[in-house]
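# Structure assessment
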Amino acid sequence: MSSTADTVEREKNLQGIGCSRKRKEDPRFIQGKGNYVDDIKMPGMLFADMVRSPHAHARIKSINKEKALALPGVHAVITAEDLKPLNLHWMPTLAGDVQAVLADEKVVFQQQEVALVVADDRYIAADATELVEVEYEELPPIVDPHKAMDPDAPIIREDLVGKMEGAHSKRLHDNHIFTWEVGQKDETDRVFETAEVTVKQEMTYQRVHPSPLETCGCVASFDKIKGTLTVYITSQAPHVVRTVVSQLSGIPESKVRIISPDIGGGFGNKVGVYPGYVATIVASIVLGRPVKWVEDRIEHLSTTAFARDYHMTGELAADKDGRIKALRVNVLADHGAFDACADPSKFPAGLFHICTGSYDIPTAYARVDGVYTNKAPGGVAYRCSFRVTEAVYLIERMVDVLAQKLNIDKAEIRFRNFIKPEQFPYTSAFGWEYDSGNYHAALKKVLEAVDYEGLRKEQAEKRARGELMGIGIVTFTEIVGAGPSKTCDILGIGMFDSCEIRVHPTGSALARMGTITQGQGHQTTYAQIIASELGIPSEDIQIEEGDTDTAPYGLGTYGSRTTPVGGAATAKAARKIRAKARKIAAHLLEVSEDDLEWDVDRFRVKGSPDQAKTMKEIAWAAYNNVPEGMEPGLEAVEYYDPPNFTYPFGAYVCVVDIDKYTGVTKIRRFYALDDCGTRINPMIIDGQIHGGLTEGFAVAMGQELIYDEGGNILGNSFMDYFLPTAVETPHWETDYTVTPSPHHPLGAKGVAESPHVGSIPTFTAAVVDAFAHLGVTHMNMPHNAFNVWKKIHELGLDKRS
Amino acid sequence: MAKQHISFTLNGQKVETLVEPRELLIHVLREQLGQTGSHIGCDTSHCGACTVDLNGKSVKACTILAVQANDGEVLTVEGLAKDGELHPVQEGFMQEHGLQCGFCTPGMLLRAYRFLQENPNPTEEEIRWGMSGNLCRCTGYQNIIKAVQYAAKKMQSA
Ligand code: FES
Ligand code: FES
């Protein structure tokens, strides 16, 4: 007879959903047994290094390889001229543009790839890059996106001259990429004309870089005899890379094997295909030897995908009680010299139109214009779902601006505008269908936890004494889990994801997914899902990802899509197995399927619980005693095309104290409440939130890729590019509510990006709030001491009496 | 370039090899001696992913020439566990979820190993400063601090 205690014990043994199971990947990492791309060593392997442009914009007059080739140990110097006969000097980007693999007659950003040197070791390769002589004729660069469409602006992309039909719209200028409009323009304009109150705010979201601790690289190995190509690569989307590599090289996809081994962080930076990868693959094909290329940090920060660089103007129309009637947004997006954004094909500004946020805004319109500049290409989602960080930043800033204009408390104005729990599923003015949410409850809980009233009282007292204290409040909604293939594809491939599970005769299991972990702990959490669904202990479930020869095709891990899409595929694959297991159990117990019920790890006969077959017993039977007509074995594959996105949300509060004389901002308190629906592993969720908050802190308080007027990138090493250490990083307080997603098989929504998306506007809100009583409505990031001090000084607050 | 003969103790074992005078210790460890646990994360001595222990001090192996290790004693992450038993810092990182992608972890562990000998009973503030030569992009440090506290406690009671 199964008692409750017995059930609890069996459930505990599974270590399934909801358990803070310790990570499966840790033992190898803490003992130095990780296997990252740069750890790969193959017999006969050569090293590649890149010759890069010192100029932001210049014509290449000549390239002389002789001296480099004369250096002992150098095997090849590859330039665009060598790639031309193979038609590999340009490659398609994910955004419908093309990008030079190696500079073709012209360089269009500083540090652009000009030639690949291949040598016996990395020292010789580095020496040889210095010996490649490139003669340039400098051209005037465009650095400021606002000047890109000036009538006399120099043309950056000569390859596109005359092609005025872009991938997404008509191009208005040779340096224009697209115009993208969404929402109801006329209706929005009309609401603004008649509104009781309107506010307008310009803001710049600076260019930043995800900068995972491991840079990008690959080891390519072409086997001339078999005609097969194997590439170890730092990729968040190995299957897509395989398709791209096959299309580019003409090698059949069945002979291309892409392996993403352990990855040292991605944060959106490792989604795209970079010139270094392609050039290295060509080198291996040409030389018939394995070739390794791993970029250094300066190359990484200067050339691989940046994020943001959005120049936004937001406007709100409201009544005098602060109820929002309409939102209008205009964005100028700097995409650099090639449009290498990583967005679903149909969305040149990603999911930016989630910018109505958590609020019931009846009318909205947004327009985004993308332009070319002489800067590195990119525009990826840095720990967020495509442009959602920008969207959330905009709306959260605008709600604060409106609150200040009307003198309404910043928490109160949110309560007045929230989508109400009973309105879900809610369709936004831009047409998104929000799956579930309970924003009121979340904000209420946070305000109580931080004693919001007490904080405002303290702030009033401090203001009276001339001290600067700020309280930032943000209530964000994310849109993650891209996505339904009817709207989302990458290079024409629907954004589904997949899982394949095999249960072995003795009851352990192997599962493979189309996603790839970069630190999120997939080997731990996927096993928990299967454990709960199949009653097999997590410990007995092996998870594998990242090898395209073995894993089913999937679109990869970014945009918080692993749990919403891959996790759903996993649950559904497991359910297929359970359905078969039920039939086998019925056969073994000689009862009808309908007489059985699931009990943690077994099927038992209803009303007669002693009659049961455990999953382990069923697994054995699947290989020797199945019902007549049934195929043996216990395996399933699921390709899951989600019916909708998921919409995680949260409420954050940040309290800062600012030193009037130095501009140093001290984060006194940061309280983050996240609702990601069903929680699979609370320990890992907390870890992801700490990490996301810290990356948000870095962006808001210090990160910026700065270019001077000549297009020289300033600050492309860790000397200048801000990565917080343990000393600067604040202490984080985390909390949660649970509002499951109604359409996800587990009710889970995805979590790792919310803290990044949500925290950035919270820091800005807190810093601005410290000056709000002085009429300040917005301050651009980064809020480093110098920038904050400039505001203090401008306001004359630093005068000593 | 003419090579130089060096020998040193690596994780308790004597090793000998030929290196160019300009070769960095991190490259020799990773590429010649097959100890790929220590990583490379930057070019400016900031990230600490390459941190190893040399003659009783934490060093960034990307900022040390291999010839400087001659006759010395080097400890890397591969040598932390003894007789199949994890060192308390390794255990702490695992128990407190002090790692995610694992790329910074070997450097963090080696720094924590040395730091706890310099300061066996540190405050949180002291841990934050003591570990500030090592960057992590994933964890936000909060659990790394807990991991170091866990190890400190375990080492005290041992
Ligand atoms: S590799 Fe970054 S400090 Fe050594
Ligand atoms: S765990 Fe990824 S950098 Fe620290």
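Residues numbered from 1 in each chain as written. Chains lettered and ligands numbered in written order. Predicted model: local features only at pLDDT ≥ 70, side-chain atom pairs only at ≥ 80, totals over all residues. Heavy atoms only, no water.

### Examining the overall build of chain A
- Helix and strand content of chain A: 19 helices and 35 strands.
- At 28 Å, chain A has a C-alpha radius of gyration in line with the 28 Å of a compact globule built from 801 residues.
- Taking all 801 residues of chain A together, the buried fraction comes to 65%.
- For chain A, the share of sequence-separated contacts (at least 6 apart) that also reach a separation of at least 24 residues comes to 80%.
- Put simply, chain A shows about 27,200 Å² of open surface, and 50% of that area lies on carbon and sulfur atoms. (Helix = DSSP H or I, 4+ residues; strand = E, 2+ residues; numbered from the N terminus. Rg over C-alpha atoms; globule rule 2.2 N^0.38 Å. Buried < 20%, exposed > 50% of the residue type's maximum accessible area, 1.4 Å probe, protein only. Contact = heavy atoms within 4.5 Å. Areas by Shrake-Rupley, 256 points an atom, 1.4 Å probe, with all protein chains shown as cover.)

### Regarding the side chain of Glu113 of chain A
All names here are of chain A.
- You can see Glu113 is positioned in strand β7 (residues 113-119).
- By relative accessible area, which is 5% here, Glu113 ends up buried.
- Those residues within four positions of Glu113 in sequence are excluded, and the remaining contacts are Met50, Val51, Arg52, Val101, Leu102, Ala103, Pro275 and Thr303.

### Structural notes on the packing of helix α17 (residues 682-701) of chain A against helix α18 (residues 754-769) of chain A
Residue and element names in this part refer to chain A.
- It is at 8 Å that the axes of α17 and α18 come closest, and there the two elements cross at 45°. With respect to α18, the element α17 is oriented oblique. Crossing handedness for the pair α17 and α18: right-handed. Note on element contacts: α18 touches α17 through Pro755, His756, Ser759, Ile760, Phe763 and Val767, opposite Gln688, Ile689, Gly692, Leu693, Glu695, Gly696, Phe697, Val699, Ala700 and Met701.
- Across the contact of α17 with α18, the residue classes tally to 10 nonpolar, 5 polar and 1 charged. (Axes fitted to C-alpha atoms, helices over the stretch in contact; angles between N-to-C directions. Parallel < 35°, antiparallel > 145°, perpendicular 65-115°, else oblique. Left-handed = near helix turned anticlockwise from the far one by under 90°. Nonpolar A, V, L, I, M, F, W, Y, C, P; charged D, E, K, R; others polar.)

### Here's the deal with unusual backbone geometry
Residue and element names in this part refer to chain A.
- A cis amide bond links Ala482 with the next residue in sequence, Gly483, at an omega value of -25°.
- Inspection of the secondary structure assignment puts Gly483 in the loop between β21 (468-477) and β22 (489-490).
- Of the consecutive residues Met781 and Pro782, the connecting peptide bond is found in the cis state with omega at -5°.
- One can find Pro782 in the loop between α18 and α19 (785-794).
- The phi angle at Gln111 is positive, at roughly 75°, despite the residue not being glycine.
- Tracing the backbone shows Gln111 in the loop between β6 (106-107) and β7.
- Judged by relative accessible area, which is 18%, Gln111 ranks as buried.
- For Arg387, which is not a glycine, the phi torsion comes out positive at approximately 60°.

### Considering the sheet that holds strand β26 (residues 541-545) of chain A
Residue and element names in this part refer to chain A.
- If you trace the 4 strands from one edge of the open sheet to the other, you get β26-β25-β24-β30, paired in mixed fashion. With partners counted over all chains shown, the strands left at the sheet margins are β26 and β30 (635-640), one partner each. For this sheet, the mean inter-axis angle between neighbouring strands, taken without regard to orientation, is 15°.
- As judged from the 5 bridges shared by strand β25 (residues 509-513) and β26, these two strands associate in the parallel manner. Within β26, the position partnered with Leu510 by the bridge is Gln542.
- Contacts from helix α14 (residues 522-534) reach β24 (497-503), β25 and β26 within the one sheet, and its direction differs from that of β26 by about 130°.
- In this fold helix α15 (residues 562-589) packs onto β24, β25 and β30, with an angle of close to 145° to the strand it touches most, β30. (Pairing = 2+ DSSP bridges.)

### Quick word on the packing of aromatic side chains
All names here are of chain A.
- Summed over the entire model, instances satisfying the criterion amount to 30 aromatic pairs over all chains.
- Ring centres 5.9 Å apart and planes at 80° place the aromatic pair Tyr277 and Trp293 in the edge-to-face group. Of this pair, Tyr277 sits in helix α8 (residues 275-287) while Trp293 sits in strand β14 (residues 291-294), and the two are 16 residues apart along the sequence.
- What makes Tyr277 buried here is its relative accessible area of 2%.
- Residue class for Trp293 comes out buried when judged on its relative accessible area of 2%.
- For the pair Trp432 and Phe645, a centre-to-centre distance of 5.3 Å together with 85° between the ring planes defines the contact as edge-to-face. Here Trp432, found in the loop between β19 (426-427) and β20 (433-434), pairs with Phe645, found in the loop between β30 and β31 (649-658); they are 213 residues apart in sequence, far enough to count as distant. As far as the burial class goes, Trp432 and Phe645 line up, both buried.
- Members of the aromatic cluster, joined through ring pairs, are Phe476, Tyr652, Phe670, Phe697, Phe722, Trp732 and Phe763.
- Taking NZ or CZ as reference, Arg157 lies 5.1 Å from the ring centre of Tyr372, over its face.
- For the cation-ring pair, Arg679 lies above Tyr736, with the distance from its terminal atom to the ring centre recorded as 3.6 Å. (Phe/Tyr/Trp six-rings, centres within 6.5 Å; stacked < 30°, edge-to-face > 60°. Lys NZ or Arg CZ within 6 Å of the ring centre and 35° of its normal.)

### Topic: the pairing of β31 of chain A
Residues and elements named next belong to chain A.
- Within β31, 9 of the 10 residues are buried, which leaves the element mostly enclosed by the surrounding structure.
- Pairing geometry for β21 and β31, over 10 bridges, is antiparallel. For Gly472, the partnering residue across the bridge sits in β31 and is Cys654.
- Direction of pairing for β31 relative to strand β32 (residues 665-675): antiparallel, over a ladder of 10 bridges. Paired with Val653 across the two strands is Tyr671, which belongs to β32.

### Notes on the domain arrangement of chain B
Residues and elements named next belong to chain B.
- When the domains of chain B are assigned, the result is domain 1 (4-77) and domain 2 (88-157).
- A straight line from the C-alpha centre of domain 1 to that of domain 2 covers 21 Å.
- The partner domain 2 presents 13 residues to the 19 residues of domain 1 that form the contact.
- Both sides together, the interface formed by domain 1 and domain 2 hides about 1,200 Å², and carbon and sulfur atoms give 59% of it.
- Broken down residue by residue, the surface that domain 1 buries against domain 2 is led by His39, Thr51 and Val77, which jointly contribute 35%.
- Summed over the shared surface of domain 1 and domain 2, the result is 8 residue pairs in polar contact (both at pLDDT 80 or more).
- Among the secondary structure elements, those contributing two or more residues to the side of domain 1 that touches domain 2 are β3 (51-54) and β4 (57-60).
- For the side of domain 1 that touches domain 2, a count of residues per class yields 6 nonpolar, 10 polar and 3 charged. (Domains from an automatic or database assignment. Buried area = accessible area lost by both parts, 1.4 Å probe. Polar contact = N/O pair within 3.5 Å; in protein donor to acceptor, adjacent residues only side chain to side chain.)

### Digging into the interface of chain B and chain A
- Contacts between chain B and chain A engage 46 residues on the former and 57 residues on the latter.
- Together, the buried faces of chain B and chain A total about 4,400 Å²; carbon and sulfur atoms form 57% of this surface.
- The three residues of chain B that bury the most area against chain A are Met94, Arg137 and Gln142 of chain B, which together make up 18% of that side's buried surface.
- Taken together, chain B and chain A are joined by 5 salt bridges.
- Of the charged contacts in the structure, one is a salt bridge between Asp39 of chain A and Arg30 of chain B, with a shortest N-O distance of 2.9 Å.
- Where chain B touches chain A, the interface holds 25 residue pairs in polar contact (both at pLDDT 80 or more). (Salt bridge = Lys/Arg side-chain N within 4 Å of Asp/Glu carboxyl O.)

### Let's talk about the nonpolar core
All names here are of chain A.
- The biggest cluster of nonpolar side chains holds 222 residues, and the ones touching the most others in it are Phe352, Trp432 and Phe771.
- Looking at this core element by element, the count peaks at 11 residues for helix α10 (residues 388-406).
- Counting 45 residues, the second-largest nonpolar core is a separate cluster that includes Ala509, Met513, Ala573 and Tyr640. (Core = buried A, V, L, I, M, F, W, Y, C linked by side-chain atoms within 4.5 Å.)

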